Amino acid sequence: MQILVGIAGLSLAVLIYAWAYGRAHDPAAPAWARGQLFASVASLVATSLAPIGAGYLTAGLLWPDGLSLVWGLPVAIGAVPVVWVFSLRLLRRGRDRAQSPTGLARAMA
């Protein structure tokens, strides 16, 4: 069970960071997403979840139980590529819109 909680914590930390980065660097982002408060809260949440998830994952790997071996490892192996693809899409959202001609026109207006 600890492996599942660890993977969930690490995945959520990565996805929150990628979402916040993509939202903050989007030229068409709302004003609340461009402020320092949004960046601080998103980074605080992501950096709080990451060590908790890493701790649970480490504890699950060091002291596995029956549920961890049956469900934890397959979920962990399957979650890594899924989180990777989603985080790349979320990160790319801000970069692609910033480099597109309409994104530049919106940013300059």
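### A closer look at the packing of aromatic side chains
Inspection of the entire model under this criterion finds three aromatic pairs. With 5.5 Å between their ring centres and 80° between their planes, W32 and F38 make a pair best called edge-to-face. Since its relative accessible area comes to 52%, W32 is described here as exposed. In this structure an aromatic cluster arises from ring pairing among W19, W32 and F38.

### With respect to helix α1 (residues 2-24)
Here α1 is 23 residues long and its end C-alpha atoms lie 33 Å apart, about the 33 Å a rise of 1.5 Å per residue gives. Where α1 is concerned, the buried positions are I3, G6, I7, G9, S11, A13, A18, A20 and G22.

### So, the packing of α1 against helix α3 (residues 36-62)
With their axes 7 Å apart at the nearest point, α1 and α3 run at an angle of 160° to one another. When the axis of α1 is compared with that of α3, the two are roughly antiparallel. α1 and α3 meet at a crossing whose hand is left-handed. Of the residues that constitute the contact of α1 with α3, the class distribution is 22 nonpolar, five polar and one charged.

Conventions and cut-offs
Residues numbered from 1 in each chain as written. Predicted model: local features only at pLDDT ≥ 70, side-chain atom pairs only at ≥ 80, totals over all residues. Heavy atoms only, no water. Phe/Tyr/Trp six-rings, centres within 6.5 Å; stacked < 30°, edge-to-face > 60°. Buried < 20%, exposed > 50% of the residue type's maximum accessible area, 1.4 Å probe, protein only. Helix = DSSP H or I, 4+ residues; strand = E, 2+ residues; numbered from the N terminus. Expected span 1.5 Å × (residues − 1). Axes fitted to C-alpha atoms, helices over the stretch in contact; angles between N-to-C directions. Parallel < 35°, antiparallel > 145°, perpendicular 65-115°, else oblique. Left-handed = near helix turned anticlockwise from the far one by under 90°. Nonpolar A, V, L, I, M, F, W, Y, C, P; charged D, E, K, R; others polar.

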